[in-house]
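Each chain, written out:
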Amino acid sequence: MLQINTPRNLKPLTSLRFVAALWVALFSFWPHLDVAGTPMIIAKGYLGVELFFVLSGFIMAHVYLERFGQKRFSYRAFVAARLARIYPLHLAALLTVLASGLAASAAGIAISDNVLHWPSLIPNLLMINAWGVTDVAGWNHPSWSVSAEWFAYLTFPAYALVTWRLRQRPLIALGLAIGLMIGLYLGFPRLTGSALTQATYHWGALRIVPCFAYGCALYLAYRQHRPSRPWVGIGIGAAMVILSAGLIGSDLLTVLSAGSLIVSLAGLEHRQAGPLAHRAAVWLGEISYAVYIFSAPWLMLSVNLMARLTGSADKVFSWPLWSLLILGLLGLAAIAHRLIEQPARRAIRQASPSQPSIS
């Protein structure tokens, strides 16, 4: 059996989560900035979700794979821990959209029928809204990825079984995961007419599958061959992500490049990590889920409010005003993390079976 000394809390990867959340937020908010054109790297901001998905597979394998292989894995405890992680903020964001939509309707402000889409309320509450059970995104649109994550969590034993059996063959695991990703990325457009990385409420559950499998396989590679010069790998991985997303425009190459970045970041010892393990960077990573899940409700509220205050009919703002929207999102996320996410998570975990501590 392979044994390595790896920290339970990979702080640089926590910090990377904030980069992924901010990338998605910039993609969503950019149309409201008074600037000519959209840089390709911003236009590819939806790939921040793929980065989350790959990270998720890597972290789940890092925390639970050994327990699974040694038959110390409790599915009940695992599901309870993951529910505690994602559901409180998911529910809070959904209720925020509900309250905001009803208030807007009462005030005579026109909102899309897709926002308060009552037939999709139950699927959203059950986190199955990306499982092909609704024809409308509805409510809080980013929650489709929460539904996809939930799907990956519920099916984690299948990933763990394959990953554990290939634990001595990381290259085979990587080859299979990359092959699955290439196959789906090339085949999906032929079947649906759109890229898999554009799928949300219709095929969102499928969208996470190759990324999650890739993350698990990356963990095997990291587990057997930890990077000897992680900062070199980080530089190369970051450059590849920027090049592929900002210049080449390849979704597949960007996601594959992110894997190199993740493995290199995981290889940093705490004393090597520097600013990536700083308290501020880790804290930003810890609020990243709140940044992501509240991005759509905050976008709807803040943009309309800013437009009324400034008289901007086209809802496009200067750099200073637009920056306030982003800073407001971070402030809202910090509050939600402190007042909702942390207390609710503690309460759920205290009432559930014991499980490894994981962020």
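Residues numbered from 1 in each chain as written. Predicted model: local features only at pLDDT ≥ 70, side-chain atom pairs only at ≥ 80, totals over all residues. Heavy atoms only, no water.

For the structure on display, the rule yields zero disulfides. Residue Cys 211 stays outside any disulfide, its sulfur separated by 11 Å from that of Cys 216, the closest cysteine. A relative accessible area of 0% places Cys 211 in the buried class. Judged by its relative accessible area of 1%, Cys 216 falls in the buried class. (Disulfide = S-S within 2.5 Å. Buried < 20%, exposed > 50% of the residue type's maximum accessible area, 1.4 Å probe, protein only.)

For the structure on display, the rule yields five salt bridges. For Glu 66, the salt bridge goes to Arg 223, with nearest N and O atoms at 2.6 Å. With Glu 66 in helix α3 (residues 48-69) and Arg 223 in helix α9 (residues 204-224), the pair connects residues that are 157 residues apart, well separated along the chain. Judged by its relative accessible area of 3%, Arg 223 is buried. For Glu 269, the salt bridge identified is with Arg 226, shortest N-O distance 3.3 Å. (Salt bridge = Lys/Arg side-chain N within 4 Å of Asp/Glu carboxyl O. Helix = DSSP H or I, 4+ residues; strand = E, 2+ residues; numbered from the N terminus.)

This next bit is on the nonpolar core. Grouped together as the largest cluster of nonpolar side chains are 102 residues, with contacts concentrated most on Leu 13 and Phe 58. At 14 residues, α3 tops the list of elements feeding residues into this core. Leu 94, Val 97, Leu 116 and Trp 139 belong to the second-largest nonpolar core, a separate cluster that totals six residues. (Core = buried A, V, L, I, M, F, W, Y, C linked by side-chain atoms within 4.5 Å.)

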